[in-house]
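# Remarks on the overall topology
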Amino acid sequence: MGLQQWYDSQIMPRLITCACSQGQFMKRRAALVPLARGDVFELGCGGGINISFYDGERVSSYAGIDPNSRLLDGSRQAARARGWSADILEGVGEAIPFPDRRFDTVVCTFTLCSVSDPATVLREVRRILRPGGQALFLEHGRAPDASVARWQDRIEPVWKRLAGGCHLTRPISSAFRGAGFEVEPLGQGYMAKTPRFAGWNEWGMARRPGI
């Protein structure tokens, strides 16, 4: 195993889990995740950071995927602590292993930055949602300020190697609109105490049209 492979498999998942569990991130998760309802699918469930935030009275069932098998035990343990019989699998967003129109809600937090093909992932999210279903998103991406965006362009090649393929320059809300969703923004802004090149966040609901 080469150094980069060792870092990606052993160190990087722990670093990202730690970083994404900081207080300001958790506050935004706590405001968004309880809006999930019905049959819920979480894209990039990782170590189960979001599971404690779900409103158990609104969730009928829970499923999730993550490409990192080392993190999934944490998700399964968190689901068991909620008393859920959850369907948590190793997988990628480009090929979600669930049938069409299976879910009422998809939850996606700090995940689209690191997928291989965001457009394909969003088509998959739309496929598994029932008509009228919602994708709840909380993501970081390309900043609206030109000076910050220029720094994102410069830093991204090195950043991706250190942060598990995380991109700094991907659009967020506009990507959902481009995939055919009706987007209701709930908030946006730079994360406090975070370098601006990595701190632009957007969160909201993206609905699949239909009844």
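Below is a summary of the structure that appears in this document. (Residues numbered from 1 in each chain as written. Predicted model: local features only at pLDDT ≥ 70, side-chain atom pairs only at ≥ 80, totals over all residues. Heavy atoms only, no water.)

Before going further, it helps to spend a moment on unusual backbone geometry. Notably, Arg101 is not glycine yet its phi reads approximately 55 degrees, a positive angle. Note on placement: Arg101 falls in the loop between strand S3 (87-90) and strand S4 (103-109). The class for Arg101 is partly exposed, based on a relative accessible area of 48%. Positive phi outside glycine occurs at Lys193, with the angle close to 60 degrees. As for its placement among the helices and strands, Lys193 is situated in the loop between strand S6 (182-190) and helix H7 (196-199). (Helix = DSSP H or I, 4+ residues; strand = E, 2+ residues; numbered from the N terminus. Buried < 20%, exposed > 50% of the residue type's maximum accessible area, 1.4 Å probe, protein only.)

Scanning the model with the defined rule gives nine salt bridges in all. For the salt bridge of Arg102 with Asp39, the shortest nitrogen-to-oxygen distance reads 3.8 Å. Note that Arg102 is positioned in the loop between S3 and S4 and Asp39 in strand S1 (residues 38-43), a separation of 63 residues in sequence. Looking at Arg102, the relative accessible area reads 28%, which means it is partly exposed. For Arg127, the salt bridge is made with Asp100, and the minimal N-O distance between the two is 2.8 Å. Taken as a pair, Arg127 in helix H4 (residues 118-128) and Asp100 in the loop between S3 and S4 lie far apart in primary sequence, 27 residues in all. Connected through salt bridges with shared partners, the residues Asp39, Arg102, Asp104 and Arg130 form a single ionic network. (Salt bridge = Lys/Arg side-chain N within 4 Å of Asp/Glu carboxyl O.)

The next subject is the nonpolar core. Of all hydrophobic cores here, the largest spans 26 residues; its most connected members are Phe41, Leu43, Val125 and Phe176. Looking at this core, the elements that each hand over two or more residues are S1, strand S2 (59-66), S4, H4, strand S5 (129-140) and strand S7 (200-207). When near neighbours in sequence (up to four residues on either side) are disregarded, Phe41 contacts Ala63, Gly64, Ile65, Ile96, Phe98, Phe103, Thr105, Val106, Val107 and Ile128. Of all hydrophobic cores here, the second largest spans 22 residues; its members include Phe25, Val33, Tyr62 and Trp84. (Core = buried A, V, L, I, M, F, W, Y, C linked by side-chain atoms within 4.5 Å. Contact = heavy atoms within 4.5 Å.)

Right, let's get into the pairing of S5. With nine of 12 residues buried, S5 lies mostly within the body of the structure. Of the pairings in the sheet, the one linking S4 to S5 comprises six bridges and is parallel in character. Residue pairing in the sheet places Phe103 in a bridge with Leu129 of S5. Handedness of the S4-H4-S5 crossover: right-handed. Relative to S7, S5 is paired through seven bridges, and the arrangement is antiparallel. By the bridge assignment for S7, Gln134 is matched with Arg207. (Pairing = 2+ DSSP bridges. Right-handed = clockwise from strand over helix to strand, strands pointing away.)

Attention shifts here to the sheet that holds S6. Pairing is mixed in the open sheet, where seven strands are placed in the order S3-S2-S1-S4-S5-S7-S6. Of all the strands in the sheet, the pair left with one neighbour each is S3 and S6. Each strand of the sheet is rotated relative to its neighbour by a mean of 15 degrees, with strand direction disregarded. Where S1 and S2 come together, six bridges link them in parallel fashion. Note that in S2 the partner of Asp39 across the bridge is Ser61. Set on the sheet, helix H3 (residues 69-81) makes contact with S2 and S3; between it and S3 the angle comes to about 175 degrees. (Axes fitted to C-alpha atoms, helices over the stretch in contact; angles between N-to-C directions.)

The next subject is the side chain of Glu124. Along the chain, Glu124 falls in helix H4. Only 2.8 Å separates the side chain of Glu124 from the side chain of Arg127, close enough to count as a polar contact. (Polar contact = N/O pair within 3.5 Å; in protein donor to acceptor, adjacent residues only side chain to side chain.)

Turning our eyes to something else, we now look at the packing of aromatic side chains. By the definition in use, this model includes 11 aromatic pairs. Aromatic pair Tyr54 and Tyr62: ring centres 5.5 Å apart, planes at 65 degrees, arrangement edge-to-face. Look at Trp159 and Phe197: their rings are 5.5 Å apart centre to centre, the planes differ by 85 degrees, and that puts the pair in the edge-to-face class. One end of the pair, Trp159, is in helix H5 (residues 146-162); the other, Phe197, is in helix H7, with 38 residues separating them in the sequence. Given the relative accessible area of 25%, Trp159 is considered partly exposed. Chaining the aromatic ring pairs together yields one cluster made of Phe41, Phe98 and Phe103. Directly above the aromatic system of Trp151 lies the positively charged group of Arg154, at a separation of 4.7 Å from the ring centroid. Looking at Arg196, its charged tip hangs above the ring of Tyr190, at a distance of 3.9 Å from the centre. (Phe/Tyr/Trp six-rings, centres within 6.5 Å; stacked < 30°, edge-to-face > 60°. Lys NZ or Arg CZ within 6 Å of the ring centre and 35° of its normal.)

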